[in-house]
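# Secondary and tertiary structure notes
Take a look at the letters that make up each chain.
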Amino acid sequence: PPRPRPPPPMSPGSWLKQERPQPQPRPQPRPQPPQPQPQLRPPQQQPPPHQQRQQEQASQRPRVTTSEMSDRVRQMQAMFPGFFADGHEIPAEAFEQQWDVSELRLYCGSMGDFWPHRRPRPAGWSKRGGPGRGPAPKPSIPPAVLRQHCQVLGLPNALPALDVVKHAYRKLALRWHPDKNPGDASAAHAFAEIA
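Here the residue numbering is sequential within each chain, running from 1 through the sequence in written order. With the structure being a predicted model, the display of local features is reserved for residues of pLDDT at least 70 and the display and counting of side-chain atom pairs for 80 or more, all residues being used for whole-chain, interface and lining totals. Working from all heavy atoms in the structure, the side-chain values ignore hydrogens and water.

We now examine the pattern of salt bridges. Criterion for a salt bridge: a side-chain nitrogen of Lys or Arg within 4 Å of a carboxyl oxygen of Asp or Glu. Inspection of the entire model under this criterion finds 1 salt bridge. For Asp-71, the salt bridge identified is with Arg-74, shortest N-O distance 2.5 Å. With Asp-71 and Arg-74 both in helix 3 (residues 66–79) and 3 residues apart, the pair spans about one turn of that helix. The helix count covers DSSP runs of H or I at least four residues long, the strand count covers runs of E at least two residues long, and both are numbered beginning at the N terminus.

Below, the structure written as structure tokens:
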């Protein structure tokens, strides 16, 4: 019997020309009628634990009538006449939150600088105390006083930066300190003049 003929040798790249099976097209899904989107509510955020405690404590306190609160205010007027004479007033939050006598005493005794502990502060109330107060301003030294100190410390008449003045003072204070110069009266006098 005759032998079958071998296939012809493939040339480079000829395998690319061979036919590949075509992929079957995917069936298109049928269009679905639009379904209404469920209305999602934002998740209820739990208040922080300290606010939860404050709310629980507030709900456990008996409600104070306005006459009782006005009695407390009259009591504060008798205890702290200077607070009201200076034009300070008890804030509306004291009535809304129903502050007790110790909280009113703290607020009035501090001339409105301290807010009662664990009571929510109103907007604009700074942590340093008082409405709208920022950090305490740094005291400024009058130039005439600073010039006198600069002369004593041996600095030029032009006003140097405060860091330079501090450095010069510390240097001379260490040099003329009475503990470094025991028994020397001129060193004690020089130290007193520097200080």
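Right, picking up where we left off after that structure.
This next bit is on the side chain of Ser-110. Counting through the fold element by element, Ser-110 comes out in the loop between helix 6 (101–109) and helix 7 (143–153). In this structure the side chain of Ser-110 is engaged in a polar contact, spanning 3.1 Å, whose partner is the backbone oxygen of Tyr-107. Counted as a polar contact is a pair of N or O atoms within 3.5 Å, where, for protein atoms, one must be capable of donating a hydrogen and the other of accepting one, and residues adjacent in sequence contribute only when both atoms are in side chains.

Angles run from 0 to 180 degrees between N-to-C directions of axes, and those axes are lines fitted to C-alpha atoms, restricted for helices to the stretch in contact. Contact pair helix 8 (residues 162–176) / helix 9 (residues 185–194): the axes reach a minimum separation of 9 Å and the direction vectors enclose 155°. The orientation of helix 8 relative to helix 9 falls into the category roughly antiparallel. Along this stretch, helix 8 crosses helix 9, giving a crossing that reads as left-handed. Seen from helix 8, the contacting residues are Tyr-169, Leu-172, Ala-173 and Trp-176; seen from helix 9, they are Ala-187, Ala-190, Phe-191 and Ile-194. In this classification, the charged set is Asp, Glu, Lys and Arg, the nonpolar set is Ala, Val, Leu, Ile, Met, Phe, Trp, Tyr, Cys and Pro, and all remaining amino acids, among them Gly, are polar. Per-class residue counts for the contact of helix 8 with helix 9 are 8 nonpolar, no polar and no charged. Note on angle classes: values under 35 degrees are labelled roughly parallel, values over 145 roughly antiparallel, values of 65 to 115 roughly perpendicular, and the remainder oblique. Crossing handedness is read from the near helix: turned anticlockwise from the far helix by less than a right angle, it gives a left-handed crossing, and turned clockwise, a right-handed one. Should any heavy atoms of two residues lie within 4.5 Å, those residues are considered in contact.

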